[in-house]
Amino acid sequence: MEPQSQNLKTAPSLTLGRFHISEDYGFLLPNPLKELPDHYRPWMEIANRLPHLIGSHQLRAQVNEMPLLNCQFLTGYREQRLAHLVLTFITMGYVWQDGEAQPKEVLPRTLALPLVEVSRNLGLPPILLHADLVLANWATRNPGRPLEIRNLDPIFLFPGGESLRGFILVTVLVEKAAVPGIKALVQAVNAVLLPSPDSLLQALQRLRLSIQDITRALGQMHDYVDPDIFYAVIRIFFSGWKDNPAMPAGLLYEGVSKEPLHYSGASAAQSTVLHAFDEFLGVRHSKESAAFLHRMRDYMPPSHRAFIEEIHSAPSLRDHILSSGNSQLLTAYNHCVEALAALRSYHLAMVTKYLITAAPKAKGRRTSHLPGPPQALEERGTGGTAVVRFLKSVRDKTLEAILHQSG
């Protein structure tokens, strides 16, 4: 990334457009497609019926009869993203249809080959990602109306009914709430380069407000997602085959590799938002947490990953504020850090409610026709981390970034 850091210093402006980040939607894919060309109807027919096919244990039989389709009829980026969404949804259903006790450890070639081809074209791993589940999996009921939960629908679903719908859409709204913060971050990077203390102060104030809006948006989970259903029904379909005791050998992608492959499941850590904020604010995580977070960047669209790298290579905001001696800037910076730590504390409380507290209740209650709650991932996130320890560490390290007045 060296050449980019050079032209960042000579060119006065960082822009979102260079990284295919939307001014209106941030990291969300703007107005995702819902239909593929007719050639791919066999995929669409399965994907549109996933909750029924999984619930009735018919999905694997349907996939085994699926024709091998050529990816050459996919034109343009948005069709490729929809194909990745469709194929990864089918893949997760296929692997986990009968629960963690009987995962499928071989993905048939009619699914594996097109999935890997589309993934390579997009620079993404061949597994369900946050970029699929959330960023490309939303549609407005009325395009003229605002993005709020009553005006949104997921394009594809697993079992989990209204709770899964709520989980996906609340996360869409979290990403939307981050948009002013992403714009503020760009404004701030450019204000450091100019330099313009007034513009930087305004940007930091906007960033703090956006982080607080993200926390409020996340709070809607309590209204729309039942912890028992999330834990016992939904969560397994986000689980991957890396650091997962239920699939220690990984998944064999038939026709792609002779050895099983290992990929982490969909995780909030794959959202570019907090990575960008951390890089900008100079938050430094522990060795273990940082290693996991850096690995999660490989699960982001390449242009979003490049955006984080660009912020990383920009001049240090912390150094700039300390050398400026501007107490207003220092206070505004600290307010951003405190808001980010508060968001992480809130996320930690939510994970405790939806995973740790829900686990014992889920064990005592089985839903008849669906796979039971996953035991293997009991205290782990779907990305494979020991989740509470990880979230406490990132929160505590965020607080350590607070600056103190010199002298």
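Residues numbered from 1 in each chain as written. Predicted model: local features only at pLDDT ≥ 70, side-chain atom pairs only at ≥ 80, totals over all residues. Heavy atoms only, no water.

K.L.:
Explain the overall build of the protein to me, please; I cannot follow it from the model alone.
P.N.:
Across its full length, the protein holds 19 helices and 4 strands. Here the C-alpha radius of gyration of the protein, 22 Å, is about what a compact globule of 407 residues would show, namely 22 Å. Across the 407 residues that make up the protein, the buried fraction comes to 57%. For the protein, restricting intrachain contacts to residue pairs at least 6 apart in sequence, the fraction spanning at least 24 positions comes to 79%. Put simply, the protein shows about 16800 Å² of open surface, and 52% of that area lies on carbon and sulfur atoms. (Helix = DSSP H or I, 4+ residues; strand = E, 2+ residues; numbered from the N terminus. Rg over C-alpha atoms; globule rule 2.2 N^0.38 Å. Buried < 20%, exposed > 50% of the residue type's maximum accessible area, 1.4 Å probe, protein only. Contact = heavy atoms within 4.5 Å. Areas by Shrake-Rupley, 256 points an atom, 1.4 Å probe, with all protein chains shown as cover.)

K.L.:
Hey, could you run me through the packing of aromatic side chains in this one?
P.N.:
In this description, a pair of aromatic rings is defined by centroid distance and the angle of the planes. Enumeration over the complete set of coordinates arrives at 13 aromatic pairs. Ring centres of Phe89 and Phe158 lie 4.2 Å apart, and the angle between their planes is 5 degrees; on these two criteria the pair is classed as stacked. In this pair, Phe89 is assigned in helix α5 (residues 77-96) and Phe158 in the loop between β3 (152-153) and α8 (161-177), connecting sequence segments 69 residues apart. Phe89 gets classed as buried once you look at its relative accessible area, which sits at 0%. Taken together, a centroid distance of 5.1 Å and an interplanar angle of 10 degrees make the contact between Phe158 and Phe237 stacked. (Phe/Tyr/Trp six-rings, centres within 6.5 Å; stacked < 30°, edge-to-face > 60°.)

K.L.:
Would you explain the side chain of Ser313 in this entry?
P.N.:
Here Ser313 is to be found in helix α15 (residues 302-313). Its relative accessible area of 19% is what places Ser313 among the buried residues.

K.L.:
When you look at unusual backbone geometry in this model, what are you seeing that I'm missing?
P.N.:
Most peptide bonds adopt trans geometry, and most residues besides glycine take a negative phi value. The omega torsion of the bond from Leu194 to Pro195 falls at -15 degrees, within 30 degrees of zero and hence cis. Residue placement: Pro195 occurs in the loop between α9 (179-193) and α10 (197-218). Of note in this structure, Asn31 is not a glycine but carries a positive phi near 40 degrees. Of note, Asp243 is a non-glycine position whose phi angle comes to about 55 degrees, a positive value. Among the secondary structure elements, Asp243 is positioned in the loop between α12 (227-234) and β4 (252-253). The partly exposed category is assigned to Asp243, whose relative accessible area is 40%.

K.L.:
What exactly am I supposed to notice about the pattern of salt bridges here?
P.N.:
Any two side chains of opposite charge can pair if their charged atoms end up close together. Summed over all chains, the structure comprises 14 salt bridges. A salt bridge links Glu148 to Arg150; the nearest nitrogen and oxygen atoms lie 3.0 Å apart. Glu148 sits in the partly exposed class, given a relative accessible area of 28%. The network of salt bridges with common partners includes Arg141, Asp153 and Arg165. (Salt bridge = Lys/Arg side-chain N within 4 Å of Asp/Glu carboxyl O.)

K.L.:
I keep staring at the environment of Leu33 and nothing clicks. Help me out?
P.N.:
Within the element layout of this structure, Leu33 appears in the loop between α1 (2-10) and α2 (41-47). Separated by 81 residues in the primary sequence, Leu33 and Pro114 place their C-alpha atoms 19 Å from one another.

K.L.:
For this particular structure, what's the right way to read helix α19 (residues 387-399)?
P.N.:
For an α-helix the count is 3.6 residues per turn, leaving residues at separations of three or four pointing the same way. In this model, α19 (13 residues) spans 19 Å end to end at C-alpha, consistent with the 18 Å of a helix rising 1.5 Å per residue. Residues Val387, Phe390, Leu391, Ser393, Val394, Arg395 and Thr398 constitute the buried set of α19. Buried residues in α19 make contact with α14 (287-296) and α17 (327-356). (Expected span 1.5 Å × (residues − 1).)

K.L.:
When you look at the side chain of Ser271 in this model, what are you seeing that I'm missing?
P.N.:
With respect to the helices, strands and loops of the structure, Ser271 is situated in the loop between β4 and α13 (272-281). At a separation of 2.7 Å, a polar atom in the side chain of Ser271 contacts the side chain of Glu175. If we ignore the near neighbours within four places in the chain, the residues touching Ser271 are His130, Glu175 and Met300. (Polar contact = N/O pair within 3.5 Å; in protein donor to acceptor, adjacent residues only side chain to side chain.)

K.L.:
In this structure, what is going on with the nonpolar core? I would like to understand it.
P.N.:
One recurring pattern in soluble globular proteins: nonpolar side chains tend to sit buried together. Counting residues in each nonpolar core, the largest one holds 137 residues, and the members touching the most others are Trp43, Phe158, Leu204, Phe238, Phe280, Leu281 and Phe307. By residue number, the principal contributor to this core is α17, which donates 14 residues. (Core = buried A, V, L, I, M, F, W, Y, C linked by side-chain atoms within 4.5 Å.)

K.L.:
Teacher, can you tell me more about α10 here?
P.N.:
Compared with an ideal rise of 1.5 Å per residue, which puts 22 residues at 32 Å, α10 spans 32 Å between its outermost C-alpha atoms and is within 8% of the ideal. Within α10 the residues assigned to the buried category are Leu200, Leu201, Ala203, Leu204, Leu207, Ser210, Ile211, Ile214, Thr215, Ala217 and Leu218. Tucked inside the fold, the buried residues of α10 contact α8, α9, α11 (221-224), α13, α16 (317-324) and α17.

K.L.:
For this particular structure, what's the right way to read the confidence of the model for the protein?
P.N.:
The predicted coordinates ought not to be read in detail in places where the model reports low pLDDT. On average, residues of the protein score 91 in pLDDT, and 90% of them reach the 70 mark or higher. Segment residues 1-10: pLDDT under 50, and 11 contacts once partners within four positions in sequence are set aside and those in other chains are kept. Every residue in residues 376-385 scores below 50 in pLDDT, and together they form 38 contacts with partners more than four places removed in sequence or on other chains. (pLDDT = per-residue confidence, 0-100.)

K.L.:
Help me understand the packing of α8 against α10 in this model?
P.N.:
Helix-helix packing: each pair is described by the crossing angle between the helix axes and the interaxial distance. Direction vectors running N to C along α8 and α10 enclose 170 degrees, while the axes themselves pass 8 Å from each other. Taken together, α8 and α10 sit at an angle that is classed as roughly antiparallel. Packed against α8, whose contacting residues are Val170, Leu173, Val174 and Ala177, the element α10 presents Ser210, Asp213, Ile214, Ala217 and Leu218 at the interface. Considering only residue class, the contact of α8 with α10 consists of 7 nonpolar, 1 polar and 1 charged. (Axes fitted to C-alpha atoms, helices over the stretch in contact; angles between N-to-C directions. Parallel < 35°, antiparallel > 145°, perpendicular 65-115°, else oblique. Nonpolar A, V, L, I, M, F, W, Y, C, P; charged D, E, K, R; others polar.)

K.L.:
What is the right way to look at the packing of α9 against α13 in this model?
P.N.:
Packing of α9 against α13 leaves a shortest axis separation of 11 Å and a crossing angle of 25 degrees. The angle between α9 and α13 falls in the class roughly parallel. For the pair α9 and α13, the crossing hand works out as left-handed. Here Gly181, Ile182, Leu185, Ala188 and Val189 of α9 come into contact with α13, specifically with Ala276, Phe277 and Phe280. Its residues assigned to classes, the contact of α9 with α13 shows 7 nonpolar, 1 polar and no charged. (Left-handed = near helix turned anticlockwise from the far one by under 90°.)

K.L.:
Hey, could you run me through the environment of Gln62 in this one?
P.N.:
Position of Gln62 among the secondary structure elements: in helix α4 (residues 59-64). Judged by relative accessible area, Gln62 falls into the partly exposed class, the value being 32%. Distance from Gln62 to Pro42, taken between C-alpha atoms, is 9.6 Å for residues 20 residues apart in sequence. Filtering out sequence-adjacent residues up to four positions away, Gln62 remains in contact with Ile46, Arg49 and Leu53.

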